[in-house]
Amino acid sequence: ISSKWDPRGALIVFEGLDRCGKTSQCSRLLSSLERLGHSVESWRFPDRDTGVGQMISSYLSNQSQLDDHAIHLLFSANRWEKRSLMEAKLKSGTTLIVDRYAYSGVAFSSAKGLDIEWCKAPELGLWAPDLVVYLDISPEKAAERGGYGGERYEQLEFQRKVAQSYRALSDASWKVVDATLPIGVIEAQLREMAVDCISTCQEGKSLSELWS
Ligand code: TMP
């Protein structure tokens with residue numbers, strides 16, 4: 001019989017502008033948590049491997065055009081198709097490090113001018129993260145890092161709007177980390193936050209749903 005007191009894994013989400021360094025920090029965190037003996041997996045959204053994910057990928061690389069609402073719903077569907085696997089992993093004690101989640105969905109679509117409440121609605125009922133880490137960098141600094149790969153949203157003017165949307169969406173529970181600090185310093189901060197979060201979940205914190 002399972003109860004809410006079964007030890008479970010933590011759902012740790014990373015958010016930020018394009019080029020904030022999320023992806024490399026996620027892989028560093030994965031390795032260090034593994035070294036500490038945790039059961040942990042690294043996920044990302046969009047998950048481009050599913051059928052829905054392939055439609056998203058083709059949109060992002062400008063190979064297809066879609067109405068702003070339609071692509072928003074696809075990004076959300078891409079999370080819904082992973083919801084039950086996410087639950088199974090977390091309940092079996094595996095921690096998930098997730099590179100982008102519902103907050104990206106809302107921040108990027110509302111930056112296009114879609115109503116924020118409309119954007120939040122399809123995400124209602126997805127698993128709520130135990131920890132949201134925002135890697136904070138100005139759009140200008142992120143653009144200076146270069147390597148915008150030419151995908152649809154990788155433009156300074158748009159990233160400025162995304163930064164504003166994230167500000168509107170964030171709450172006091174988010175951990176904001178300065179993404180311009182040296183890589184090793186950020187890595188150490190993230191590891192400490194993650195380890196704390198994992199122990200809270202192991203102590204019996206129950207899973208909840210967005211938007212709680
Ligand atoms: P990626 O570069 O992290 O793979 O994400 C691809 C782009 O998709 C990135 O610019 C953020 C954007 N995005 C959304 O617009 N909505 C979403 O729900 C997600 C997860 C990402």
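As named in an unreviewed UniProt entry, the protein is Thymidylate kinase, taken from Coffea arabica. The heading Sequence similarities (unreviewed entry) in the UniProt record of the protein holds the text "Belongs to the thymidylate kinase family." The UniProt entry for the protein carries the following text under Pathway (unreviewed entry): "Pyrimidine metabolism; dTTP biosynthesis."

This brings us to the pattern of salt bridges. Here the structure, examined in full by the defined rule, presents 15 salt bridges. The shortest N-O distance in the salt bridge between Arg 8 and Asp 130 comes to 2.8 Å. Here Arg 8 is found in the segment before β1 (11–16), whereas its partner Asp 130 is found in the loop between α6 (116–120) and β4 (131–136), with 122 residues between them in sequence. As far as burial versus exposure is concerned, Arg 8 and Asp 130 are alike and both buried. Of the charged contacts in the structure, one is a salt bridge between Arg 44 and Asp 99, with a shortest N-O distance of 3.8 Å. Of this pair, Arg 44 sits in strand β2 (residues 40–44) while Asp 99 sits in strand β3 (residues 95–99); the two residues are 55 residues apart in sequence, bridging distant segments of the chain. Overlapping salt bridges, with partners in common, bring together Arg 8, Asp 130 and Lys 205 in one network.

This brings us to the packing of helix α5 (residues 102–111) against helix α8 (residues 156–169). Between two packed helices, both the angle of their axes relative to each other and the distance between the axes serve to describe the pair. Axis separation between α5 and α8 bottoms out at 8 Å; the angle between their running directions is 125 degrees. Comparing the axis directions of α5 and α8 gives the class oblique. Between α5 and α8 lies a crossing of right-handed hand. Seen from α5, the contacting residues are Tyr 103, Ser 104, Val 106, Ala 107, Phe 108, Ser 110 and Ala 111; seen from α8, they are Phe 158, Gln 159, Lys 161, Val 162, Ser 165, Tyr 166 and Leu 169. Here the contact of α5 with α8 is composed, by residue class, of nine nonpolar, four polar and one charged.

Turning to the site of the ligand, a few remarks are in order. As a structural note, the neighbourhood of the ligand is formed by 13 residues, with Asp 18, Arg 48, Arg 79, Arg 100 and Gly 105 the closest of them. Between the ligand and Arg 100, the relevant distance is 2.9 Å, taken from an oxygen atom to a side-chain nitrogen or oxygen of the residue. A total of 480 Å² of accessible area belongs to the ligand in isolation, and the protein chains cover 94% of it. When atoms are counted within 2 Å of each cavity's grid points, the one that captures over half of the ligand is the largest pocket. The set of elements that each furnish at least two residues to the shell around the ligand consists of α3 (68–80) and α5. If one sorts the elements of the shell around the ligand by residue count, α5 sits on top with three residues. Grouping the constituent residues of the shell around the ligand by class yields six nonpolar, two polar and five charged.

So, how was this worked out
- Residues numbered from 1 in each chain as written.
- Predicted model: local features only at pLDDT ≥ 70, side-chain atom pairs only at ≥ 80, totals over all residues.
- Heavy atoms only, no water.
- UniProt positions renumbered as here; feature names shortened; annotations may be inferred.
- Salt bridge = Lys/Arg side-chain N within 4 Å of Asp/Glu carboxyl O.
- Helix = DSSP H or I, 4+ residues; strand = E, 2+ residues; numbered from the N terminus.
- Buried < 20%, exposed > 50% of the residue type's maximum accessible area, 1.4 Å probe, protein only.
- Axes fitted to C-alpha atoms, helices over the stretch in contact; angles between N-to-C directions.
- Parallel < 35°, antiparallel > 145°, perpendicular 65-115°, else oblique.
- Left-handed = near helix turned anticlockwise from the far one by under 90°.
- Contact = heavy atoms within 4.5 Å.
- Nonpolar A, V, L, I, M, F, W, Y, C, P; charged D, E, K, R; others polar.
- Near = heavy atom within 4 Å.
- Polar contact = N/O pair within 3.5 Å; in protein donor to acceptor, adjacent residues only side chain to side chain.
- Areas by Shrake-Rupley, 256 points an atom, 1.4 Å probe, with all protein chains shown as cover.
- 1 Å grid on protein atoms, 1.4 Å probe; cavity = no way out; pocket = protein on both sides within 12 Å on 5 of 7 lines; lining within 4 Å.
- Sits in = over half its atoms within 2 Å of the grid points.

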